[in-house]
Amino acid sequence: MQSSNRSPRIKRVSWGTLEIEGRPEPYKDAKLFPGGSREWNWRETDTSHNPGIQIADVQELLDHGAKVIVLSRGMAECLHVPRETLDFLKKRGIAAHVLPTREAAALYNKLAENEAVGGLFHTTC
């Protein structure tokens, strides 16, 4: 994988903060994908804790070339992942990992060593 298209590594995760390599300011919630990252603004896709992560949220990661997806549910696992979103990924042959944020960050970093991984990270509740 070319370094310009590799998925950025997570340097640190704590309540309300996600520090990403190559980015001077931390995110609260973030979308990470091969070649970059950006703030995850839930209002763009009408995401909320319930029903949870929307298909449009993961579609953006696929559009950036992600072949495997890590979805964080928040520090206390308050963010849901609807069956429709998981079915959407499964139909496309995309492996999806759903974990609490700290565990999601650790898995994401491990996968990023060799995979075109994308992730959605919620750093509170």
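Note that the coordinates shown come from a computational prediction; the quantities given were computed from them, not determined experimentally.

J.: Please clarify how the side chain of D29 should be interpreted in this entry.
T.: For D29, the position within the fold is in strand β3 (residues 29-33). A polar side-chain atom of D29 sits 3.1 Å from the main-chain amide nitrogen of T123. Not counting the four nearest positions on each side in its chain, D29 is found in contact with R38, E39, W40, W42, F121, H122 and T123.

J.: It is not clear to me how the environment of P8 should be interpreted in this structure. Could you clarify?
T.: In this fold, P8 is placed in the segment before β1 (10-14). Sequence spacing of P8 and Y108 is 100 residues, and the spatial spacing of their C-alpha atoms is 9.6 Å.

J.: Got a minute to help me understand the nonpolar core in this structure?
T.: Among soluble globular proteins, nonpolar side chains are generally buried collectively. In terms of nonpolar packing, the biggest core is built from 17 residues, with I53, V58, I69, L71, L89 and L120 touching the most fellow members. In this structure I53 touches W40, T47, V58, L71, S72, L79, H80, V81, P82, T85 and L120, once residues within four positions along its chain are discounted. Formed by 16 residues, the second largest nonpolar core is a distinct cluster that contains I20, A30, L32 and A105.

J.: Could you clarify how one ought to interpret unusual backbone geometry in this entry?
T.: Most of the time, phi is negative for any residue but glycine, and the peptide bond is trans. Here the residue pair N50 and P51 is connected by a cis peptide bond, since its omega of 20° sits within 30 degrees of zero. You can see P51 is positioned in the loop between β4 (36-39) and α1 (55-63). Phi is positive for E77, close to 60°, though the residue is something other than glycine. Tracing the backbone through its elements, the reader meets E77 in the loop between β5 (68-72) and α2 (83-91). A relative accessible area of 37% places E77 in the partly exposed class.

Conventions we followed
Residues numbered from 1 in each chain as written. Predicted model: local features only at pLDDT ≥ 70, side-chain atom pairs only at ≥ 80, totals over all residues. Heavy atoms only, no water. Helix = DSSP H or I, 4+ residues; strand = E, 2+ residues; numbered from the N terminus. Polar contact = N/O pair within 3.5 Å; in protein donor to acceptor, adjacent residues only side chain to side chain. Contact = heavy atoms within 4.5 Å. Core = buried A, V, L, I, M, F, W, Y, C linked by side-chain atoms within 4.5 Å. Buried < 20%, exposed > 50% of the residue type's maximum accessible area, 1.4 Å probe, protein only.

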